[in-house]
Amino acid sequence: MAEQKLVIQALDERELLKKKIDQKIEKLVCVDYAKNNEEKGIDSQKSREEFAAEAKAAYQQIMDLIARYEKVEAAIVASNAATVIQTSFGEYTVAAAIALRSRLPLREKRRMPPFVNVVRRELLSEEERLNETDFEEHLAEVMTKQFLAARTAVDEKNKILEGQAEAMRLGILGKDVRVKDDRPLAVVDAYIRDNRAGLLDPLDVTKRAEELRVRNAALLKEIESQIKIMNATTLVEID
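Quantities reported herein were computed from a predicted structural model and do not represent experimental measurements.

1. Comments concerning the overall build of the protein
So, point 1. From N to C terminus, the protein includes eight helices and four strands.
So, point 2. If you list the helices and strands of the protein from N to C, you get β-α-α-β-β-α-α-α-α-α-α-β.
So, point 3. Counting every position in the protein, which comprises 239 residues, the buried fraction comes to 26%.
So, point 4. A separation threshold of at least 6 residues defines the contact pool for the protein, and within that pool the share at least 24 residues apart is 68%.
So, point 5. Total accessible area on the protein stands at roughly 16400 Å², and carbon and sulfur atoms take up 56% of it.

This is how it looks when you write it as structure tokens:
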């Protein structure tokens, strides 16, 4: 007869089984050596029969725990694949929600200024970047990086333009002008107007980047809450 447990209980048992299996594997003594003319193992100081019996029993305990772990794991996986949770962003099976949670880790960096995220990614190795699956965060970082670079370029070009315009004013008004003359000169104003640089930002990337981060943070918060509720209320069957 199948045993029924809440998912949260099955998860706790799975974690306990992990620890037990690891501990028993580390404590396993299954190999010794002995002289041909002596009955006891040199390290264990146990008879050949006793050592063999204990080694086989310890090995079987490990295999039994592994078998139990696999049954618990299978029950959890089956439940996660069949159970559906509702979020304001749509329906997800628990399995899909867990996969999404893994793909979109809620990192501390989400609360950092955009330029910090850009620098963080540049410090990653190529392999680390390829292994990242938080595509929305990557997209937000790339857009932010381009925005910051373009804004810096615009500021620099317009600063140069102001210097050129000032030189034009002095050229038109005369180099002997001792007091700065700010009288508007049509040709200089036209030059500034025609040559001033401005951002081309059809996506409004700073807004888009923030929307991506806010959406993912809200989605992950909902998923986390719904998974906890389902784990505490859903029964699984363990054969």
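Alright, that's what it looks like, and here's the rest.
2. Focus: the packing of helix H3 (residues 94–103) against helix H8 (residues 205–233)
So, point 1. Closest axis-to-axis distance for the H3/H8 pair is 10 Å, and the angle between their directions is 135 degrees. On the basis of their axis angle, the class for H3 and H8 is oblique. The crossing of H3 and H8 is left-handed. Contacts between H3 and H8 involve Val 94, Ala 97, Ile 98, Leu 100 and Arg 101 from the former and Leu 219, Leu 220, Ile 223, Glu 224 and Ile 227 from the latter.
So, point 2. Partitioned by chemical class, the residues of the contact of H3 with H8 number eight nonpolar, no polar and two charged.

3. Description of the packing of helix H6 (residues 135–173) against helix H7 (residues 186–195)
So, point 1. The N-to-C vectors of H6 and H7 enclose an angle of 165 degrees; their axes lie 10 Å apart at closest approach. As summarised for this structure, H6 and H7 are arranged roughly antiparallel, according to the angle between their axes. When you trace H6 past H7, the crossing you get is right-handed. Residues Leu 161, Gln 164, Ala 165, Met 168, Arg 169 and Ile 172 of H6 form the contact with H7, whose own contacting residues are Val 187, Val 188, Tyr 191, Ile 192 and Asn 195.
So, point 2. Looking at the contact of H6 with H7 residue by residue, the class counts come to eight nonpolar, two polar and one charged.

4. Points about the confidence of the model for the protein
So, point 1. Chain-level statistics for the protein give a pLDDT mean of 86 and a share of 84% at 70 or above.
So, point 2. Across the protein, element-level confidence peaks in helix H1 (residues 7–27) with a mean pLDDT of 96 and bottoms out in helix H4 (residues 114–122) with 52.
So, point 3. Taken together, the stretch residues 108–112 has pLDDT below 50 and engages in eleven contacts with residues farther than four places along the chain or on a different chain.

5. A word on the pattern of salt bridges
Pairs may arise between side chains of opposite charge once their charged atoms sit close together.
So, point 1. Scanning all chains against the criterion turns up eleven salt bridges.
So, point 2. Across the pair Arg 68 and Glu 3 runs a salt bridge whose closest N-O atoms are separated by 3.1 Å. In this pair, Arg 68 is assigned in helix H2 (residues 48–82) and Glu 3 in strand S1 (residues 3–6), connecting sequence segments 65 residues apart.
So, point 3. Judged by its relative accessible area of 30%, Glu 3 falls in the partly exposed class.

6. Observations regarding the environment of Leu 161
So, point 1. Within the element layout of this structure, Leu 161 appears in helix H6.
So, point 2. Relative accessible area serves as the criterion here: at 3%, Leu 161 is assigned to the buried category.
So, point 3. Note: C-alpha distance between Leu 161 and Asn 195 (34 residues apart in sequence) is 7.4 Å.
So, point 4. Those residues in contact with Leu 161 that lie beyond four places of it in its chain are Tyr 191, Ile 192, Asn 195 and Arg 196.

7. Quick word on H8
So, point 1. In this model, H8 (29 residues) spans 42 Å end to end at C-alpha, consistent with the 42 Å of a helix rising 1.5 Å per residue.
So, point 2. Within the sequence span of H8, burial applies to Val 205, Ala 209, Arg 213, Asn 216, Leu 219, Leu 220, Ile 223, Ile 227, Met 230 and Asn 231.

8. Thoughts on the pairing of strand S3 (residues 90–93)
So, point 1. Looking at chain direction, strand S2 (residues 84–87) and S3 are connected through four bridges and run antiparallel. Within the sheet, the bridge partner assigned to Ile 85 lies in S3 and is Tyr 92.
So, point 2. The hairpin turn running from S2 into S3, its antiparallel successor, is two residues long.

9. Some remarks on unusual backbone geometry
So, point 1. A positive phi angle, close to 55 degrees, is found at Gln 45, a residue other than glycine.
So, point 2. Its location among the elements puts Gln 45 in the loop between H1 and H2.
So, point 3. The residue Asp 204 is not glycine, and still its phi comes out positive at about 55 degrees.
So, point 4. Structurally, Asp 204 is set in the loop between H7 and H8.

Rules behind the numbers
In this convention, every chain numbers its residues from 1, walking through the sequence in written order. With pLDDT at 70 or above as the cut-off, local features in this predicted model cover only qualifying residues; side-chain atom pairs require 80 or more to be listed or tallied, and sums for whole chains, interfaces and linings still use all residues. With hydrogens and water set aside, each side-chain value is computed from the structure's full complement of heavy atoms. A run of DSSP states H or I qualifies as a helix once it reaches four residues; a run of E qualifies as a strand once it reaches two. Both are numbered from the N-terminal end. Only protein chains enter the accessibility calculation, which uses a 1.4 Å probe. A residue is then buried if its area is under 20% of the maximum for its type, exposed if over 50%, and partly exposed in between. A contact between two residues is defined here by any heavy atoms of the two lying within 4.5 Å. Surface accessibility in these figures is a Shrake-Rupley result with a 1.4 Å probe; residues are shielded only by whichever protein chains are displayed. Whenever a helix is involved, its axis is fitted only over the stretch in contact; in every case the axis is a line through C-alpha atoms, and angles between N-to-C directions fall within 0 to 180 degrees. Note on angle classes: values under 35 degrees are labelled roughly parallel, values over 145 roughly antiparallel, values of 65 to 115 roughly perpendicular, and the remainder oblique. Each crossing gets its hand from how the near helix is turned against the far one by less than a right angle, where anticlockwise is left-handed and clockwise is right-handed. Residues are sorted three ways: Asp, Glu, Lys and Arg are charged, Ala, Val, Leu, Ile, Met, Phe, Trp, Tyr, Cys and Pro are nonpolar, and all the rest, Gly among them, are polar. pLDDT is a residue-level measure of predictor confidence that goes from 0 to 100. When a carboxyl oxygen of Asp or Glu is within 4 Å of a side-chain nitrogen of Lys or Arg, the pair counts as a salt bridge. The span expected for a helix works out to 1.5 Å for each residue beyond the first. The criterion for strand pairing is that DSSP finds at least two bridges linking the strands in question.

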